[in-house]
Amino acid sequence: MAQSGDPPALGSPFPELKEERKVVSILCVDLVGFVARSDQADPEDIRTSLRPYYTCVRRELVRWGGTVEKFIGDAVMAAFGAPLAHEDDAERAVRAALRIVQAVQELNAADPGRELALRAAVTTGEAVVARGARTVEGEGIATGDVVSTAARLQAIAPVGSVVVDEATYRTTRHLVDYEALAPVSVKEQVEPIHVWQASAARSRYGADPAEATPSPFIGRTHELALLKALYARAAREGSVQLVTVAGEPGVGKSRLVREFRAFVEWQPELARWRQGRCLPYGEGIAFWALGEIVKSQAGILESDGPHEASNKLAAAIGAIIEDPAERDWLKTRLALLVGASAPGVGSVAERSESFAAWRRFLEAVAADRPLVLVFEDVHWAGAALLEFVEYLVDWATGLPFLVVCTTRPELFERHPGWGGGKRDSTTVSLAPLSREETSRLIAAHLPGAELPGEIQIALLERAGGNPLYAGEFARMLADRGIVERRGQTMQVAAGAEIPIPETVQAVIAARLDTLPAERKALLHDAAVLGTVFWTGALAFMSGLDEQAVEQGLRTVARKELLRPVRNSSVKGEAEYSFRHLLIRDVAYQQIPRAARVRKHQTAAAWIERLAGDRVIDHADILAHHYGQALQLAKAAGLDDDTHELEVRVRRFLIMAGDRALEFDARKAEAFYRQALTLSPPRHPERAGLLGKTAEAALVGGRLSEAQRDFEEAIVEFRAQGESLGAGEAMVRLARTYWFRGETDRKRALLAQAIELLEREPPGRELALAYTHGAADHMVANRSPECAVWSEKALALAQDLGLDAEAIRARQLRGLARCQLSDLVGGLADLREALRLSLDLGLGNETIRSYGNLGDWVWVAEGPARGLDVKRAGIEFGERRGLTLPVMWAKAETLWPLFDLGQWDELLRIAGDLIEWDRRQGGGQVTVVALTYMAYVLVCRGELSQAHGLAEEFLPRAREILDPQVLVPAVAVVSLIEHMRSNQVTTVRLIEEIEEITRATTTARPATSTPCSRAAPC
Ligand SMILES: Nc1ncnc2c1ncn2[C@@H]1O[C@H](COP(=O)(O)OP(=O)(O)OP(=O)(O)O)[C@@H](O)[C@H]1O
Ligand SMILES: [Mg+2]
């Protein structure tokens, strides 16, 4: 990272003392009440007890790039930005202050006799900075109001807190969470000044991995060196690196990453570290890990309401993205990850669009400093998240980006190709520790304790180099009183019998058994909640008060079964996590089955309460808890309890499906299908649910499933007498037929749907049917009918305030008008549709608007102008990751390219399109591309090649039947046959065109020259 500020002038042997004005941040910390207490204490004792404090303060100051200005008694004043300025001095000062406060708490925890408390303040402003000052000799570096204000603010700070002035607050508020305090009066200043209290720097983890009393780190030098080297490479070259740390449970993956984090934190350039964990609840929670990463970047807490979450998200985006339109787009796509909005109704984004938006956001985060993204436990990630990680690594280029995934080996069974074959991908496999290393690890846990020789051997055998086993074993000995602490060392109790459990689970179980019943009960409740949990949740589940819970947890944490999480993600509640997931698993397995039902229910009830209006963000977790409770209740034969549970499980499964639909249609379909199993035929919710399931299947490209479910939905809706629902399902089924190429069937069904819906009061369903009807006439080149239907659709959609529907209708009306020779009116409609879709941020609609407008600008102003408009659409779509419409838009450029004589370009794009389309299974795009290639070949006299292509595309164009595809295809083949002197065939083909176009009326030469109005409706 670039550092500004002049280095001392090297040429001169005596750097002169020079002054300059600079913006600096001043940090002032002071111990509270210490002087008072030290009156009674022996000075030597005071020194001893303060030494760790000073060491810690110095360490943190150095680490964050601060310079100690002076020590006054036990107060410390430090400057950031003097003599050397960093661009993030205020942030460094606040982070240092927060770390010092925390480190002092840790010092206190380690030594219960010591009760240090401190206050800190950070101010930012201009100061006169003396260059070359010798602070050890008492010369100050910085002078100015900013220094004295820091001292004053420190004195009024609440004990154990960090307060900041306005300038510091303004420069760091997107990086640090603050709470405003009442303004304070400061001597010498007339107006009271505004102050804020810093609560946490934004680097919240999924689960903060700091271990309370970290055991020494043993071995793994090569692995750690490899991570460091990759980080250096990412940071130096601005390249994206993917590292997968793989190994058996407990072998030390998370620990290695933690050690690596400590290294990154000590680097001179500030890096961003963002971490998310994949949850072990089966397949449930798609993108949770990524959600955690975004939440931590934006400082969103689980306890924030949707409004607050949404504001924080907007602020986080605003801080890194300039373009307002892009901000809106990112916000919509990111809101879903953090539960800051309900899923959009009716608009299903392509997953590629979400991917593009998420990548854009992360790239912007990495723009000014290296970004380390950690995805913990990706063996639990759904396929979609893995796909996103691979996509991110493939596409994000030129940025200092390191993606670290930890995983157990089963990932490679599910995903044999994971990470493989990528340029910048590395797998670090963690082997078991060697015997010697394991012995050292045990010795570090049991300093001085001499285990009997045969026990030592058996233990090494059993541990098999697994540090988790070794560590838990050592702790078990302490828990059971088999070893006892004597001063700095441990001793094995005489005559003690030392058990050597078979597995690490058995060791953990043995440790849990040493807990008194009420503590164990707490752990059981916690295990139901998951790896991380909160005091309030446990109070709710156990009926104890929060203080009792907190006290219980603290004692269990002392046994190193749990650890406190530094920055709780729930406001006002302490957060804890199991020290290792296996401890959670063992604790969970100990809960009697019957008790699990109730526990899952109460856990869910608490989460529901916490989540409040943001419940959508937790829908899959809630579905999991209620689902578990339901399953267990059924298994236990508690059938009376199940009705209420079923209602909830269904509700949350549907909600989880709605949420997933925006970016993972497969997952959404799976949630809906699960909900369907709870909604038998004739169940009032079944029909609607079938409709959702079918839509998800359609979006996911599973046409036969979609067809089957829509058909059943129609039957269900009819059985309930719900014509509107039935009508809508019919329209959507008609669309499914269209995708399947069954044009006649589609038309018949659409007509039926319209007839049915017109008998009902007009609503959304009818507007949808009208636009589909209009689109159908459009692809069939029946412009007057299209004009009539689009007019009706537009009027109705506007009446009902259906924006997207109205835009679609307006486009169709525009096209119809153009074709009916009203070029002015038509172009006006098309331009307006484009403007509205851009305004509303509707990706698919925008790109389609560009395409349609481009066609008619070509007619009005020539092919070059038309091509420009189309290219603008392609560029827009590519930025947004809208792959499918981009491909269609590219196919549409073939026509103006042909007219412009840019035939080499045409052949290149057609080749790319065909390659892409074939990878998707081959469809209309290939037919269109081959058709235009044939035009070029004919014009270049390469008849036999053109003829070869025709044999492939003509039969397929005839299947597709739509004139926009078929007419140009038949026309070019007639040309080929004509030039090959097959006049009979030529005439037959021309007659075929005449037949296809007989029913159509069009002013545009769409049916006689190469053209494709082929966007899917
Ligand atoms: N090299 C090491 N030196 C000292 N202790 C270690 C080492 N590796 C792991 N440990 C300790 O072993 C325990 C288990 O390690 P860790 O949690 O990293 O396992 P993991 O591989 O992430 O397991 P899981 O797959 O279950 O997530 C932790 O308490 C950790 O501190
Ligand atoms: Mg782990």
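One can find the structure itself at the top, above this paragraph.
For the structure given in this document, a descriptive report is provided here. (Residues numbered from 1 in each chain as written. Chains lettered and ligands numbered in written order. Predicted model: local features only at pLDDT ≥ 70, side-chain atom pairs only at ≥ 80, totals over all residues. Heavy atoms only, no water.)

With that settled, the discussion passes to the overall build of the protein chain. In terms of regular secondary structure, the protein chain is built from 41 helices and 18 strands. A buried classification covers 57% of the 1017 residues belonging to the protein chain. Counted over contacts in the protein chain with a minimum sequence separation of 6, partners at least 24 positions apart contribute 70%. Carbon and sulfur atoms form 53% of the exposed surface of the protein chain, whose accessible area is close to 42100 Å². (Helix = DSSP H or I, 4+ residues; strand = E, 2+ residues; numbered from the N terminus. Buried < 20%, exposed > 50% of the residue type's maximum accessible area, 1.4 Å probe, protein only. Contact = heavy atoms within 4.5 Å. Areas by Shrake-Rupley, 256 points an atom, 1.4 Å probe, with all protein chains shown as cover.)

Here we take up the pattern of salt bridges. Counted according to the given criterion, the structure contains 71 salt bridges. Across the pair E292 and R277 runs a salt bridge, and its minimum N-O distance is 2.9 Å. Taken as a pair, E292 in helix α8 (residues 288-298) and R277 in strand β10 (residues 272-277) lie far apart in primary sequence, 15 residues in all. Under the relative-accessibility criterion, E292 is labelled buried at 2%. Note on R277: relative accessible area 13%, which makes it buried. Residue R813 is joined to E791 by a salt bridge in which the shortest nitrogen-to-oxygen separation is 3.0 Å. Here the residue R813 occupies a position in helix α32 (residues 803-819), and E791 occupies one in helix α31 (residues 783-800), the gap between them amounting to 22 residues. Judged by its relative accessible area of 38%, E791 falls in the partly exposed class. (Salt bridge = Lys/Arg side-chain N within 4 Å of Asp/Glu carboxyl O.)

Any two aromatic rings considered together are summarised by their centre-to-centre distance and by the angle between their planes. A complete count under the given rule lists 24 aromatic pairs for this structure. A centroid spacing of 6.2 Å and a plane angle of 75° characterise the contact between Y231 and F260, whose relative ring orientation is edge-to-face. Here the residue Y231 occupies a position in helix α6 (residues 221-237), and F260 occupies one in helix α7 (residues 253-265), the gap between them amounting to 29 residues. The burial state of Y231 is the same as that of F260; both residues are buried. Through successive ring pairs, a cluster of aromatic residues spans F287, F355, W358, F388, Y391 and W395. Here the guanidinium or amino end of R584 rests over the ring plane of Y588, the centre of that ring lying 5.2 Å away. A cation sits over an aromatic face here: K792 above W789, 4.4 Å from the ring centre. (Phe/Tyr/Trp six-rings, centres within 6.5 Å; stacked < 30°, edge-to-face > 60°. Lys NZ or Arg CZ within 6 Å of the ring centre and 35° of its normal.)

Judged by pairing direction, the sheet is antiparallel, and its three strands sit side by side in the order β16-β18-β17 without closing on themselves. Looking at strand neighbours, the two that pair on one side only are β16 (532-534) and β17 (562-564), the edges of this open sheet. The average angle at which neighbouring strand axes cross in this sheet is 30°, direction not considered. Sheet topology note: the β16/strand β18 (residues 575-578) ladder contains three bridges and is antiparallel. Across the sheet, the residue bridging to F533 is Y576, located in β18. (Pairing = 2+ DSSP bridges. Axes fitted to C-alpha atoms, helices over the stretch in contact; angles between N-to-C directions.)

Taken together, the neighbourhood of ligand 1 is formed by 20 residues, with I218, G250, K253, S254 and R408 sitting nearest. A distance of 2.7 Å separates an oxygen atom of ligand 1 from a polar side-chain atom of R408. Considering ligand 1 on its own, with 630 Å² of exposed area, one finds that the protein chains cover 97% of that surface. Those elements giving two or more residues to the shell around ligand 1 turn out to be α7 and α16 (467-479). (Near = heavy atom within 4 Å. Polar contact = N/O pair within 3.5 Å; in protein donor to acceptor, adjacent residues only side chain to side chain.)

Right, let's talk about the pairing of strand β3 (residues 75-80) for a bit. The element β3 is extensively covered by neighbouring structure, given that six of its six residues are classed as buried. Burial along β3 is two-sided: the face carrying A75, M77 and A79 and the face carrying V76, A78 and F80 are both buried. Pairing of strand β2 (residues 67-72) with β3, which is carried by five bridges, proceeds in the antiparallel orientation. Residue T67 lies in a different strand from β3, and its bridge partner there is A79. As consecutive antiparallel partners, β2 and β3 are separated by two residues, and within that stretch G73 has a phi angle of approximately 60°, a positive value.

Bringing unusual backbone geometry into the picture now. Peptide bonds are trans in most cases, and residues, glycine excluded, mostly fall at negative phi. Phi angles above zero are rare outside glycine, and N781 is one such case at about 60°. Considering the arrangement of structural elements, one finds N781 in the loop between α30 (764-779) and α31. The backbone phi angle of S981 is positive, close to 65°, even though this residue is not glycine. Examined against the element boundaries, S981 turns out to sit in the loop between α40 (963-979) and α41 (983-998). For S981, a relative accessible area of 55% puts it in the exposed group.

Here we come to the nonpolar core. L446, F473, L477, F533 and L562 are the most contacted members of the largest nonpolar core, which has 149 residues in total. Setting aside its immediate chain neighbours within four residues, F473 contacts L451, L459, I498, P499, I500, P501 and V507. Of all hydrophobic cores here, the second largest spans 53 residues; its members include A316, W329, L373 and C405. (Core = buried A, V, L, I, M, F, W, Y, C linked by side-chain atoms within 4.5 Å.)

On the basis of which strands lie adjacent, the open sheet formed by five strands has the order β10-β11-β12-β9-β13 and parallel pairing. Of all the strands in the sheet, the pair left with one neighbour each is β10 and β13 (425-429). Going from strand to strand, the sheet's axes swing by 15° on average, the running direction of each strand aside. Where strand β9 (residues 240-246) meets β13, five bridges bridge the pair, whose relative direction is parallel.

When you line up the elements, R880 lands in helix α35 (residues 863-880). Given the relative accessible area of 9%, R880 is considered buried. When the C-alpha atoms of R880 and S352 are compared, they prove to be 8.0 Å apart, with 528 residues separating the residues in sequence. Not counting residues up to four positions away in its chain, the partners in contact with R880 are A325, W329, S352, E353, A356 and G841.

Among the secondary structure elements, R879 is positioned in helix α35. Taking the C-alpha atoms as reference points, R879 and A356, separated by 523 residues in sequence, lie 7.3 Å from one another. Sequence-distant contacts of R879, defined by excluding residues within four places in its chain, comprise W329 and A356.

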